[in-house]
Structure formats: structure tokens, C-alpha cells
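The chain contents come next:
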Amino acid sequence: MTNTVNLDWNNLGFDYIKTDLRFISYYKDGQWDEGALIEDNVLKVDEAATALHYGQQCFEGLKAYRCKDGSINLFRVDQNAARMARSCRRLLMPEFPEERFVEAVKKVVKANEQWLPPYGTGGSLYIRPFMIGVGNNVAVRPATEYIFSIFVMPVGAYFKGGLTPTNFIVSEYDRAAHVGTGAAKVGGNYAASLLPGKEAKERHFSDCIYLDPLTHTKIEEVGAANFFGITKDNQFITPYSPSILPSITKYSLLWLAEHRLGMTVKEADVYVDQLDIFAEAGACGTAAVISPVGGIQNGDDFHVFYSETEVGPVTRRLYDELVGIQYGDVEAPEGWIQKVE
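Residues numbered from 1 in each chain as written. Predicted model: local features only at pLDDT ≥ 70, side-chain atom pairs only at ≥ 80, totals over all residues. Heavy atoms only, no water.

Things to note about the overall build of the chain
In step 1: Along the chain, the regular secondary structure elements total 6 helices and 18 strands.
In step 2: Since a compact globule built from 341 residues should have a radius of gyration of about 20 Å, the 20 Å found for the chain is in line with a globular shape.
In step 3: Its C-alpha atoms give the chain principal-axis dimensions of roughly 55 × 50 × 35 Å.
In step 4: By residue count, 53% of the 341 residues in the chain fall in the buried class.
In step 5: When contacts within the chain are restricted to residue pairs at least 6 apart in sequence, those whose partners lie at least 24 apart make up 72%. (Helix = DSSP H or I, 4+ residues; strand = E, 2+ residues; numbered from the N terminus. Rg over C-alpha atoms; globule rule 2.2 N^0.38 Å. Buried < 20%, exposed > 50% of the residue type's maximum accessible area, 1.4 Å probe, protein only. Contact = heavy atoms within 4.5 Å.)

Concerning the domain arrangement of the chain
In step 1: Here the chain is described as being made up of domain 1 (22-155) and domain 2 (166-327).
In step 2: Contacts between the two partners involve 26 residues from domain 1, matched on the other side by 21 residues from domain 2.
In step 3: Buried surface at the junction of domain 1 and domain 2, both sides included, amounts to about 1800 Å², of which 59% is carbon and sulfur.
In step 4: Looking only at domain 1, the three residues that lose the most surface to domain 2 are Phe 59, Phe 75 and Arg 83, adding up to 33% of its buried area.
In step 5: At the junction of domain 1 with domain 2, the criterion picks out 0 salt bridges.
In step 6: For the side of domain 1 that touches domain 2, the elements supplying multiple residues, two or more each, are strand S4 (57-59), strand S5 (62-66), strand S6 (72-75), helix H2 (77-90) and strand S7 (124-134).
In step 7: Of all the elements, H2 adds the most residues to the side of domain 1 that touches domain 2, at 6 residues.
In step 8: When its residues are assigned to classes, the side of domain 1 that touches domain 2 shows 9 nonpolar, 9 polar and 8 charged. (Domains from an automatic or database assignment. Buried area = accessible area lost by both parts, 1.4 Å probe. Salt bridge = Lys/Arg side-chain N within 4 Å of Asp/Glu carboxyl O. Nonpolar A, V, L, I, M, F, W, Y, C, P; charged D, E, K, R; others polar.)

Looking at the packing of helix H5 (residues 248-259) against helix H6 (residues 313-326)
In step 1: Interhelical geometry of H5 versus H6 gives an angle of 110 degrees and a closest axis separation of 10 Å. By the angle between their directions, the pair H5 and H6 is classed as roughly perpendicular. In this structure, H5 meets H6 at a crossing whose hand is right-handed. Along its contact with H5, which presents Thr 249, Ser 252, Leu 253, Leu 256 and Ala 257, the element H6 presents Leu 318, Glu 321, Leu 322 and Ile 325.
In step 2: Partitioning the contact of H5 with H6 into residue classes produces 6 nonpolar, 2 polar and 1 charged. (Axes fitted to C-alpha atoms, helices over the stretch in contact; angles between N-to-C directions. Parallel < 35°, antiparallel > 145°, perpendicular 65-115°, else oblique. Left-handed = near helix turned anticlockwise from the far one by under 90°.)

Thoughts on the pattern of salt bridges
In step 1: Overall, the coordinates contain 11 salt bridges when judged by the stated rule.
In step 2: Put simply, Lys 218 and Asp 269 hold a salt bridge, and the shortest N to O gap is 3.8 Å. Highlighted residues: Lys 218 in the loop between strand S10 (207-211) and strand S11 (219-222) and Asp 269 in the loop between strand S14 (264-267) and strand S15 (278-285), separated in sequence by 51 residues.
In step 3: Residue classification places Asp 269 among the partly exposed positions, given a relative accessible area of 41%.
In step 4: As a salt-bridge pair, Lys 250 and Glu 267 come within 3.4 Å of each other at their nearest N and O atoms. Remark: Glu 267 occurs in strand S14 and Lys 250 occurs in helix H5; sequence separation between them is 17 residues.

Description of unusual backbone geometry
In step 1: Phi at Leu 92 is positive, roughly 55 degrees, even though this residue is not glycine.
In step 2: Residue placement: Leu 92 occurs in the loop between H2 and helix H3 (98-111).

Here's the deal with the packing of H2 against H3
In step 1: Look at H2 against H3: their axes get within 9 Å of each other, and the N-to-C directions meet at 130 degrees. On the basis of the axis angle, H2 is oblique to H3. Classified by chirality, the crossing of H3 by H2 is right-handed. Side by side, H2 and H3 meet where Val 77, Asp 78, Asn 80, Ala 81, Ala 82, Met 84 and Ala 85 of the first sit next to Glu 98, Phe 101, Val 102 and Val 105 of the second.
In step 2: In terms of residue class, the contact of H2 with H3 is built from 8 nonpolar, 1 polar and 2 charged.

Describing a nonpolar patch on the surface
In step 1: Together, Leu 43, Val 45 and Leu 52 make up a nonpolar patch on the protein surface, roughly 240 Å² of accessible area in all.
In step 2: Positionally, Val 45 belongs in the loop between strand S3 (36-38) and helix H1 (50-53). (Patch = residues over 30% accessible without salt bridge, like charges linked within 9 Å, V, L, I, M, F, W, Y side chains within 5 Å. Areas by Shrake-Rupley, 256 points an atom, 1.4 Å probe, with all protein chains shown as cover.)

Some points on the nonpolar core
In step 1: Counting residues in each nonpolar core, the largest one holds 37 residues, and the members touching the most others are Phe 101, Val 105, Val 109, Ile 127, Met 131 and Phe 148.
In step 2: When contributions to this core are tallied by element, the ones reaching two or more residues are strand S1 (22-28), S5, S6, H2, H3, S7 and strand S8 (145-155).
In step 3: In terms of residues, this core owes the most to one element, H3, which gives 6 residues.
In step 4: Contact partners of Phe 101, with chain neighbours within four places excluded, come to Val 77, Asn 80, Ala 81, Met 84, Phe 96, Pro 129, Phe 148 and Ile 150. (Core = buried A, V, L, I, M, F, W, Y, C linked by side-chain atoms within 4.5 Å.)

Some thoughts on the UniProt feature "modified residue: N6-(pyridoxal phosphate)lysine" (unreviewed entry) in the chain
In step 1: With numbering aligned to this structure, UniProt lists the feature "modified residue: N6-(pyridoxal phosphate)lysine" (unreviewed entry) at Lys 185.
In step 2: Within the secondary structure layout, Lys 185 lies in the loop between strand S9 (166-170) and helix H4 (187-202).
In step 3: Assessed through its relative accessible area of 10%, Lys 185 is described here as buried.
In step 4: The contact partners of Lys 185, leaving out residues within four places of it in the chain, are Cys 58, Phe 59, Glu 60, Gly 61, Arg 83, Ser 87, Tyr 190 and Leu 245. (UniProt positions renumbered as here; feature names shortened; annotations may be inferred.)

Describing the packing of aromatic side chains
In step 1: Inspection of every chain in the model, using the stated rule, returns 17 aromatic pairs.
In step 2: With 5.2 Å between their ring centres and 65 degrees between their planes, Tyr 27 and Trp 32 make a pair best called edge-to-face.
In step 3: Among the residues examined, Trp 32 registers a relative accessible area of 13% and is labelled buried.
In step 4: Ring geometry for Trp 32 against Phe 148: centres 6.4 Å apart, planes inclined by 75 degrees, an arrangement best described as edge-to-face. Residue Trp 32 is located in strand S2 (residues 31-32), and its partner Phe 148 is located in strand S8; the two are separated by 116 residues in the primary sequence.
In step 5: What makes Phe 148 buried here is its relative accessible area of 0%.
In step 6: Taken together, Phe 23, Tyr 27, Trp 32, Phe 96, Phe 101, Tyr 146 and Phe 148 form an aromatic cluster joined through their ring pairs. (Phe/Tyr/Trp six-rings, centres within 6.5 Å; stacked < 30°, edge-to-face > 60°.)

Written out as C-alpha cells, the structure reads:
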């Protein structure tokens, strides 16, 4: 299909753009309705909705990719469906059935196909499923009614001019409690990160590094992304903690590092005072895919990994492998890609 939307595809940012249709479904009296594609992008909710007062909401983020042959790839959409179900269970929200989640994502992407950036532009169609507790409920308890919705928007390549290492600073703030909602994709985790993120940027860092909330000795997350390091003896190591969001990108990189690059991989503690074991480091997530970490400021100490200006060879290989799979240029492991027909 030829794109008919008049956009500068090569210069898209990561900003909201209203597209044609979005999916919406309502939960009431203990069940979800059939759902529908609608044009209206404005939600009307009760002033006493639990999402507004008690943060009973969660969301997901994934992308659709235009391939060279014109087909459309979804990358591990089943994993997003499963993670959203886990977030819902943590917040006592009704799960939207995973099969219906995948089906709804495909419907929204197909309905907005003309907004999908062409192959070769580096762009993709960002997909945002979300659920909110609604209805008039002032008491601190779960809502009895919910809205599940999915909207999409075209976004550009996160890196202008290719992969570029950037620097980060260790924050004194905690992103989430040790056994709190850190492993769920809920808005409160992101609201808590706004102030430390702002302070990091004011000091000319890309974002901040969050340490474990119990001891403040181990790296947990990099802004809104997961951390990984490549050791000098060629191991791929990423932190493990009950307060880290389980990134689908991270687990994909773990698999690729082991099975495609032949590396030893592990989830383990990453102590912030032992960074010299790493030859390379990066942050990973849906939006950025991989963001190479040039250096980390920890108090008075500034530690540089591979380079502040050049991307390490292993990080680049992982990036090329993952992006190649997403756009259909590299063979995908079984089950990773679903087509939008």
C-alpha cells in the first residue's frame, strides 16, 4: 500500500500525532464488550474515576514496521499482551484477553496503515494500548468499570544520524519500591521519574540511573529503559530485581546475544562501584531500541565505557540484528514476528 498521508517521513520525532482510528472497549458488569474502532480521540470519564485519583491504570508500548516487500511486521506482540495482563493483575484490574489484545492491535494498525512510515526511513508506527479504571468511585478500592483502548502514531528513528553514545548520572531518588509496582508498566512509576529526569537533563545528562531502593549500590534502570553491560570477557549482563520492568527488548537481546553472537548471558547484580568490568554498556527499550551509554556520573566519579563518541562493536551488532529482525531483513526466531494482513 502506498502511503497517502502527507508527512515528512524522514524527519519524524516522537510526538503525538492524531491518526484515523483507535480501538476502544468497555468493561462493565463483569465483562468486556466487543469493542470497536472509533474516530474520536477524546475520552470522557467520571470525575471520581480511580485512574484519576488512585492511579489505577497501566499501559504498553510496541511498534509496527514496514518491510521492504511492503508487508507489516509486529514484533513480539504476544509478549506485550502477557505483560499487560501481569500489570492488570498487580493493580486488581480485569485482564483484557491476550488473544483479543493481539487481534485489536492488528485491527488498529491495519486501519491506520497509511500512517505507517515507509521502509528505509527508519520510522515505525508506535502502538499504545492502555487501560484505566473509570466510574464514580471515591473510596480507595478497585473500580467496577474500565476502559481499554489502543491508539497509534508514526514516529521517527530515535537516533538522528545513527547510534550515538550519551552520558547518564546516578540519581539519589528511587524509581520504585523494592516490592512495589516497579515490575508493572503503570503510570505512577513514570510520574516518579519526572523530577529526577529533569534534574539530570539540567546537568546536561541524557537521563538518570536508578539504583536498587534497598541498598543504593546496584544499577536497576536507566531512565525509562533497562540497563545492559558487555563485560571485557564477552558476557552480556543485565540487572535482575523485583522492581525492574521486564523489558521485552532486553529479553530479546539476551536471546540474541546467546544464540546469534555466542555470548554468555546472565541476569545478575550490577554494582555501581564495579563498572570497570564492562567494556560496553547500553540502555534498551521499545522507543530507543538500544541507547549506548558513553559514561556514568556517580557522585564525583565519572566512568567511561567504550567511548563517549563511538559505539562499541558488540552493541552495534546487537542493534543491527534486532532492528534487522523488526524490519524483516534478518531471519527472526520462531514466533517473534506476526504479520498484519
